Amino acid sequence: MSQGILLYGPPAAGKDTITAALTELSARYVPFTRLKIGTGKTLGYRMGTPEQLATLEARGDVIYRNDRYGNIYVVDRPGLDQTMERGRIPVVHLGQMVGMEQVTALYLAHWVRVLLWCSKETTARRSPQRGDTDTEARLAAWDATQADLAAHPRARWELRVDTEATAPREAAKRIDAIVRASSSRS
């Protein structure tokens, strides 16, 4: 069975940094680039058009869609299929529990779910350091993520990581160990 990693957490919790550490550990880990319809940051996204989104929706290929920061972000079936080719393991970043639920329910794979967390103060400090020009919106998203997590107390996580206390490389090693253990059970 195909495998994937879902990294959930508020803005600036370390999803990009831990993904980079995973890709350094093994070439089989590949960042999943969500489809983005909108403006602003393009690095790390596949930029799309409203027409592409409509086509994906008509075919039932939208696994999860969220609207945030004035843009639309999509986890799509063709994108996941392509990323998983040749046994690669996509690392998908999500900040909404409904996204976690939809990806695990609508895309057949063994998903390793990881909760990354940092304080709101850390998000406030990290956000401008990574080049965000909308830190206030990121802090509002932090609040929304905390409320979302509180509304899902039974969420199942294979790993929880406090990114203020755990180095990215150490977090990546822990995630890798879970992925390897789960692949040996498959």
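Please read all numbers here as calculations on a predicted model, not as lab measurements. (Residues numbered from 1 in each chain as written. Predicted model: local features only at pLDDT ≥ 70, side-chain atom pairs only at ≥ 80, totals over all residues. Heavy atoms only, no water.)

A closer look at the overall build of the chain
Each helix and strand in the chain was counted, giving seven helices and nine strands. Projecting the C-alpha coordinates of the chain onto the three principal axes gives extents of approximately 40 × 40 × 30 Å. For the chain, the proportion of its 186 residues judged to be buried stands at 48%. The contacts in the chain between residues at least 6 apart in sequence include a share of 71% that link residues at least 24 apart. (Helix = DSSP H or I, 4+ residues; strand = E, 2+ residues; numbered from the N terminus. Buried < 20%, exposed > 50% of the residue type's maximum accessible area, 1.4 Å probe, protein only. Contact = heavy atoms within 4.5 Å.)

Observations regarding the environment of Q96
Mapped onto the elements, Q96 comes out in the loop between β7 (89-94) and α4 (97-106). Not counting residues up to four positions away in its chain, the partners in contact with Q96 are Y8, Y64, N66, R68 and D148.

Details of the pairing of strand β5 (residues 62-68)
Judged from the six bridges that link them, β5 and strand β6 (residues 71-76) form a sheet pairing that is antiparallel. Counted as the bridge partner of Y64 is V75 from β6. Between β5 and β6, which pair antiparallel and follow one another directly, the connecting turn spans two residues, one of which, Y69, has a positive phi of 60°. (Pairing = 2+ DSSP bridges.)

Re the environment of R126
The residue R126 is located in helix α5 (residues 120-129) in this model. When the C-alpha atoms of R126 and A13 are compared, they prove to be 8.5 Å apart, with 113 residues separating the residues in sequence. The contacts of R126, once residues within four sequence positions are left out, are A12, A13, G14, C118, T163 and E164.

Quick look at unusual backbone geometry
Even without glycine at this site, A12 takes up a positive phi of about 70°. Residue placement: A12 occurs in the loop between β1 (3-8) and α1 (15-25). For R86, which is not a glycine, the phi torsion comes out positive at approximately 55°.

Quick word on α4
What α4 keeps buried is the set M97, G99, M100 and V103. Projected down its long axis, α4 shows its buried positions confined to an angular sector of 160°, all on one face. Buried residues along α4 sit against β1, β5, β6, β7, β8 (110-117) and α6 (135-150). (Arc of directions from axis to C-beta.)

Points about the side chain of T163
Within the secondary structure, T163 sits in the loop between β9 (159-162) and α7 (168-185). Among the residues examined, T163 registers a relative accessible area of 11% and is labelled buried. At a separation of 2.7 Å, a polar atom in the side chain of T163 contacts the main-chain carbonyl oxygen of A13. Only 3.1 Å separates the side chain of T163 from the side chain of R126, close enough to count as a polar contact. (Polar contact = N/O pair within 3.5 Å; in protein donor to acceptor, adjacent residues only side chain to side chain.)

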